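Now for the letters of each chain:
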Amino acid sequence: MSQVKKIAVLTSGGDSQGMNAAVRAVVRSGLYRGLEVYGIQRGYQGLLNRDIRSMDLRSVGDIIQRGGTILQTARCKEFMTPEGQQRGAEILREFGIDGLVVIGGDGSYQGALRLSKLGIKTMALPGTIDNDIPFTDFTIGFDTSVSIVVDAVNKLRDTMTSHERSSIVEVMGRHCGDIALYAGLACGAEAILVPEVPFDVKEIALQMKANFDKGKRHGIIIVAEGVGSGSDIARQIAEHSGIEARVTVLGHIQRGGAPTHNDRILASRLGDYAVQKLIEGDSGKALGIVKGQFVATDIETVCNTKKTFNLELYELAKRLSQ
């Protein structure tokens, strides 16, 4: 028999579409298996504030289709300290919580790792639109975010074609260019600029001019925010080619809206898997999906590994853009 009787779930860091689906899965899977389930409001800050409430089936009704997170999220500087982490572990023990499911990105994983080292059974789920967590092919929210970018670019391409203009679209991705890469490939962008791959703006500008000289009258460039602002790229392109490009910064719209069916299913399966692993007595694991199979990797290994950029996909996008 499992020694786990009470579990809790929290969402931390930046929100992502599908977090609610993951919370729902953890709660309903836990209740189905006879556990008591608690929700922690506002991430680690809520944990330190003892903002912990019992969850039942109705607590997570009608949320699978909603973006954001009903548990809300917040940054917590205090939890970054050993004292804050120790107090968080003590509060969980005070509530009799045997296992914790953390849904978030890299910073959230760091917190889960610390709690694990303090004896709290933890499972971490990859909830971030950036897709920057290693040991998983996709993170919860990434598919929806890419879909939002593709939809926006489709609309921009319509108006750019009408006016014979080029458009630069700045998307999220400070350290990871996956949103730019996947969206750029999906919508046929002429260039994709990401932090992982060096690029020459002059070369891109001259290629755009050559395309225009051949009769092309519009173009799309996807820029991950980590390489610089879209406005700076537009200015440099104008200097080298004389082509004026309009800039669209999508910003936090990429985090909003209803999650796609892919994100809902991924989140639901990972949430259920997290409960299963806790009941089995496992701890300190980051859960993900690799080549269609669910995997559990030590959180410490995940935190100390950089996500590998898909150069093969990048080269494909480059070949098809010519």
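Residues numbered from 1 in each chain as written. Predicted model: local features only at pLDDT ≥ 70, side-chain atom pairs only at ≥ 80, totals over all residues. Heavy atoms only, no water.

## Some thoughts on the side chain of threonine 69
Piece 1. Summarising the element assignment, threonine 69 is placed in the loop between β3 (52–55) and α3 (82–94).
Piece 2. Side-chain polar atoms of threonine 69 contact the backbone nitrogen of leucine 71, separated by 3.1 Å.
Piece 3. Non-local contacts of threonine 69, meaning those with residues more than four positions away in its chain, are made with Thr11, Asp15, Met19 and Asn20. (Helix = DSSP H or I, 4+ residues; strand = E, 2+ residues; numbered from the N terminus. Polar contact = N/O pair within 3.5 Å; in protein donor to acceptor, adjacent residues only side chain to side chain. Contact = heavy atoms within 4.5 Å.)

## Things to note about the nonpolar core
A general feature of soluble globular proteins is that nonpolar side chains tend to end up buried together.
Piece 1. Judged by nonpolar contacts, the single largest core of 31 residues is most densely connected at Ile7, Val9, Val23, Met55, Val101, Ile103 and Leu125.
Piece 2. No other element matches the 7 residues that helix α9 (residues 261–279) contributes to this core.
Piece 3. Residues within four places of valine 101 in sequence aside, it is in contact with Ala8, Val9, Leu10, Val26, Met123, Leu125, Ala274 and Leu278.
Piece 4. Counting residues in hydrophobic clusters, the runner-up holds 28 residues, among them Val171, Met172, Leu313 and Ala317. (Core = buried A, V, L, I, M, F, W, Y, C linked by side-chain atoms within 4.5 Å. Buried < 20%, exposed > 50% of the residue type's maximum accessible area, 1.4 Å probe, protein only.)

## Let's talk about unusual backbone geometry
Piece 1. Positive phi, normally seen in glycine, also occurs at glutamine 72, with a value near 60 degrees.
Piece 2. Along the chain, glutamine 72 falls in the loop between β3 and α3.
Piece 3. Positioned with a positive phi, asparagine 131 is a non-glycine residue whose angle comes to about 60 degrees.
Piece 4. Locating asparagine 131 in the fold gives a position in the loop between β5 (121–126) and α5 (142–163).
Piece 5. Classification of asparagine 131 as buried rests on a relative accessible area of 0%.

## Some words on the pattern of salt bridges
In a structure, side chains of opposite charge can pair up when their charged atoms sit close to one another.
Piece 1. On inspection of all chains with the given rule, the structure shows 14 salt bridges.
Piece 2. Across the pair aspartate 51 and arginine 42 runs a salt bridge, and its minimum N-O distance is 3.1 Å.
Piece 3. The class for arginine 42 is partly exposed, based on a relative accessible area of 37%.
Piece 4. A salt bridge links aspartate 282 to lysine 285; the nearest nitrogen and oxygen atoms lie 3.3 Å apart.
Piece 5. One network of salt bridges, in which partners are shared, links Lys277, Glu280, Asp282, Lys285 and Asp298. (Salt bridge = Lys/Arg side-chain N within 4 Å of Asp/Glu carboxyl O.)

## With respect to the sheet that holds strand β11 (residues 293–298)
Piece 1. The mixed open sheet is built from 7 strands, whose spatial order is β3-β2-β1-β4-β5-β10-β11. Unpaired on one side and paired on the other, β3 and β11 mark the two borders of the sheet. Each adjacent strand pair in this sheet contributes to an overall mean axis angle of 30 degrees, direction not counted.
Piece 2. Where strand β1 (residues 6–11) lies against strand β2 (residues 36–40), 5 bridges are found, and the strand directions are parallel. Looking at β2, one finds that valine 9 is bridged to glycine 39. (Pairing = 2+ DSSP bridges. Axes fitted to C-alpha atoms, helices over the stretch in contact; angles between N-to-C directions.)

## Some words on the pairing of β2
Piece 1. Burial analysis of β2 places 4 of its 5 residues in the buried class, which makes it a mostly covered element.
Piece 2. Bridge analysis of β2 against β3 gives 4 bridges, and the strand direction is antiparallel. Looking at β3, one finds that tyrosine 38 is bridged to serine 54.

## A few points about helix α11 (residues 311–320)
An α-helix turns once per 3.6 residues; consequently, residues spaced three or four apart project the same way.
Piece 1. Every buried residue of α11 is listed here: Leu313, Tyr314 and Ala317. Down the axis of α11, the smallest arc covering the buried residues is 105 degrees, so these residues share one side. Across α11 from its buried face, at more than 90 degrees, point the exposed residues Glu312 and Arg319.
Piece 2. At its buried positions, α11 is contacted by α6 (178–186) and β7 (191–193).
Piece 3. N-cap assignment for α11: the residue whose side-chain oxygen lies 3.3 Å from the backbone N of glutamate 312 is asparagine 310. (Arc of directions from axis to C-beta.)

## Focus: the packing of aromatic side chains
Piece 1. All told, the structure shown has 6 aromatic pairs when counted by the stated rule.
Piece 2. Ring geometry for tyrosine 44 against phenylalanine 79: centres 4.2 Å apart, planes inclined by 5 degrees, an arrangement best described as stacked. Of this pair, tyrosine 44 sits in helix α2 (residues 43–48) while phenylalanine 79 sits in the loop between β3 and α3; the two residues are 35 residues apart in sequence, bridging distant segments of the chain. Residue tyrosine 44 shares its accessibility class with phenylalanine 79, and that shared class is buried.
Piece 3. Ring geometry for phenylalanine 142 and tyrosine 182: centres 5.1 Å apart, planes at 90 degrees, overall edge-to-face. Separated by 40 residues along the polypeptide, phenylalanine 142 in helix α5 and tyrosine 182 in helix α6 bring together distant segments of the chain.
Piece 4. Judged by its relative accessible area of 23%, tyrosine 182 falls in the partly exposed class.
Piece 5. The structure contains a cluster of three or more aromatic residues connected by ring pairs, namely Phe138, Phe142 and Tyr182. (Phe/Tyr/Trp six-rings, centres within 6.5 Å; stacked < 30°, edge-to-face > 60°.)

## Looking at α6
Piece 1. Looking only at α6, the buried set comprises Asp178, Ile179, Ala180, Leu181, Ala183 and Gly184.
Piece 2. Looking at the residues trailing α6, positive phi occurs at glycine 188, about 70 degrees.

## Quick notes on the sheet that holds strand β9 (residues 245–249)
Piece 1. Strands sit in the order β7-β8-β6-β9 across an open sheet of 4 strands; the sheet is parallel. Pairing within the sheet leaves two strands with one partner each, and these edge strands are β7 and β9. Going across the sheet, the axis of each strand differs from the next one's by a mean of 20 degrees, ignoring polarity.
Piece 2. Looking at chain direction, strand β6 (residues 166–171) and strand β8 (residues 219–224) are connected through 6 bridges and run parallel. Counted as the bridge partner of isoleucine 168 is isoleucine 221 from β8.
Piece 3. Relative to β6, helix α8 (residues 230–241) is tilted by about 150 degrees, and along the sheet it contacts β6, β7, β8 and β9.

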